[in-house]
Amino acid sequence: MSAAFGIDIGGSGIKGALVDTSEGTLITPVVTEPTPQPSTPQNVTKMCAELLTRCEVGPDVPVGVTLPAPVSHNRVLFIANLHQSWAGTDVHALYREYLGTEAVGVNDADAAGIAEARFGAAAGVNGTVLVTTLGTGIGSALILDGKLWPNSELGHLELDGKDAESVASSAQKTRYNLSYEKYAQRLQRYYAHVEMLLCPDLIVVGGGISANHDQFLPLLKLRAPIVPAKLRNTAGIIGAAIQAAEATERH
Ligand code: BGC
């Protein structure tokens, strides 16, 4: 068994668990802390440190942390749904200073995508798989033959002249109290657009709302099969832990 700790940072909560990365399963229950406000890099990372202490994570356990932002060469490129001071942050330096351990930073949707590709709805699928997460924003992970193309950021495609996630994220459904039928019309425009651009062989839909997939996925008419994520709200934790374990193996 190889174990690593995954932390998934969202707009309202930070959750983490120890993961068996060879099986894609949780070894310990998920522990949650609220996302501090303001959600600055320092505040959020200190909360992650508390979570590691609470879970008694030893110094030798690899740690992976998701962020709702593209992370390239350990730097946050821009951020939509957490404090703006994350933009430009060097996550390695941040984690070293406030976590008290080395940790790997990874985009939240990429983490979910990796987990779904290894152990979930996209396991064993060849060709192009698009994993999306519908939440405060829209996250995307592009997987080709099981390998991740990182930081695809397809939630920020332009749709109806607007940022796509400001039209079709599940937060918009909540905000405007849209019925599933009305919300599905927005998703139809979004997924049809992405499908036209990328020709995926499979589309996976994650995020909290995917628990109610039977209310909206059957309404979508696309060429590719579109299926709910399997790992649900643990995909980010599992994917972050996998990334951390693999980074440790490489060193
Ligand atoms: C961010 C992505 C993130 C997605 C879901 C978007 O606003 O730009 O990096 O994956 O939200 O959290």
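Note that this is a predicted model, so its numbers are computed, not measured.

> Now, about the overall build of the protein chain: what can you tell me, with residues and values included?
Check the secondary structure of the protein chain and you find 7 helices and 15 strands. Against the compact-globule benchmark of 18 Å for 251 residues, the protein chain has a radius of gyration of 17 Å, which places it among compact chains. Taken over 251 residues, the protein chain has a buried fraction of 52%. For the protein chain, the share of sequence-separated contacts (at least 6 apart) that also reach a separation of at least 24 residues comes to 60%. A total accessible area of about 11300 Å² is found for the protein chain, and carbon and sulfur atoms account for 52% of it. Charge centroids of the protein chain, computed over 18 positive and 25 negative side chains, lie 8 Å from each other.

> Go over the pattern of salt bridges, please, and point to the residues and values.
Following the criterion strictly, the structure yields 5 salt bridges and no others. In this structure, Asp 8 and Lys 15 form a salt bridge, with 3.9 Å as the shortest nitrogen-oxygen distance. The partner of Arg 54 in a salt bridge is Glu 33, with the nearest N and O atoms 2.9 Å apart. Of this pair, Arg 54 sits in helix α1 (residues 41–54) while Glu 33 sits in strand β4 (residues 31–34), and the two are 21 residues apart along the sequence. Exposure remark for Glu 33: the relative accessible area of 11% places this residue in the buried category.

> Give me helix α6 (residues 180–198): which residues, what numbers.
An ideal rise of 1.5 Å per residue puts 27 Å on 19 residues; α6 measures up with 26 Å between its terminal C-alpha atoms. Among the residues of α6, those classed as buried are Tyr 180, Tyr 183, Ala 184, Leu 187, Tyr 190, Tyr 191, Val 194 and Glu 195. Projected down its long axis, α6 carries its buried residues within an arc of 135 degrees, all on one side. Away from the buried face of α6 by more than 90 degrees, exposed residues Glu 181 and Met 196 are located. At the C-terminal side of α6, Cys 199 shows a positive phi close to 50 degrees.

> Quick one: what's the story with the site of the ligand, residue by residue and with numbers?
Close to the ligand lie 14 residues; Asn 107, Asp 108, Glu 153, His 156 and Glu 165 are nearest. A distance of 2.5 Å is found between an oxygen atom of the ligand and a side-chain nitrogen or oxygen belonging to Asp 108. In the complex, the protein chains occlude 95% of the 310 Å² of accessible area that the ligand would expose alone. Elements supplying a minimum of two residues to the shell around the ligand: α3 (108–119) and β10 (138–144). Its residues placed into classes, the shell around the ligand shows 7 nonpolar, 4 polar and 3 charged.

> An account of the environment of Gln 185 is requested, with residue identities and associated values reported.
Residue placement: Gln 185 occurs in helix α6. Sequence separation between Gln 185 and Pro 29 is 156 residues; the distance between their C-alpha atoms is 37 Å.

> Any chance you could break down α3 for me, citing the residues and the numbers?
Taking 1.5 Å per residue as the helical rise, α3 with its 12 residues ought to reach 16 Å, and the 16 Å between its terminal C-alpha atoms agrees with that figure. Within α3, 9 of the 12 residues are buried, which leaves it mostly tucked inside the rest of the structure. Taken as a whole, α3 has its buried residues at Ala 109, Asp 110, Ala 111, Ala 112, Gly 113, Ile 114, Ala 115, Glu 116 and Ala 117. Two or three places before Ala 109, at the start of α3, stands the capping residue Asn 107, its side-chain oxygen 3.0 Å from that residue's backbone nitrogen.

> Just give me the short version of the sheet that holds β10, but keep the residues and values in it.
Pairing is mixed across the open sheet formed by 5 strands, whose spatial order is β11-β10-β9-β14-β15. With partners counted over all chains shown, the strands left at the sheet margins are β11 (147–149) and β15 (226–228), one partner each. Neighbour to neighbour, the strand axes of the sheet diverge by 30 degrees on average, direction disregarded. Where β10 and β11 come together, 3 bridges link them in antiparallel fashion.

> Just give me the short version of the packing of aromatic side chains, but keep the residues and values in it.
Per the stated rule, a full pass over the model turns up 3 aromatic pairs. Where Tyr 180 meets Phe 216, the ring centres are 5.9 Å apart and the plane angle is 5 degrees; that geometry is what we call stacked. One end of the pair, Tyr 180, is in helix α6; the other, Phe 216, is in the loop between β14 (202–206) and β15, with 36 residues separating them in the sequence. The pair formed by Tyr 180 and Phe 216 is uniform in burial state, with each residue classed as buried. Considering the side-chain rings of Tyr 190 and Tyr 191, the 5.3 Å spacing of their centres and the 65 degrees angle between planes classify their relative orientation as edge-to-face.

Here is what the cut-offs are and how they apply
- Residues numbered from 1 in each chain as written.
- Predicted model: local features only at pLDDT ≥ 70, side-chain atom pairs only at ≥ 80, totals over all residues.
- Heavy atoms only, no water.
- Helix = DSSP H or I, 4+ residues; strand = E, 2+ residues; numbered from the N terminus.
- Rg over C-alpha atoms; globule rule 2.2 N^0.38 Å.
- Buried < 20%, exposed > 50% of the residue type's maximum accessible area, 1.4 Å probe, protein only.
- Contact = heavy atoms within 4.5 Å.
- Areas by Shrake-Rupley, 256 points an atom, 1.4 Å probe, with all protein chains shown as cover.
- Lys, Arg positive; Asp, Glu negative; His and termini not counted.
- Charge placed at Lys NZ, Arg CZ, Asp CG, Glu CD.
- Salt bridge = Lys/Arg side-chain N within 4 Å of Asp/Glu carboxyl O.
- Expected span 1.5 Å × (residues − 1).
- Arc of directions from axis to C-beta.
- Near = heavy atom within 4 Å.
- Polar contact = N/O pair within 3.5 Å; in protein donor to acceptor, adjacent residues only side chain to side chain.
- Nonpolar A, V, L, I, M, F, W, Y, C, P; charged D, E, K, R; others polar.
- Pairing = 2+ DSSP bridges.
- Axes fitted to C-alpha atoms, helices over the stretch in contact; angles between N-to-C directions.
- Phe/Tyr/Trp six-rings, centres within 6.5 Å; stacked < 30°, edge-to-face > 60°.

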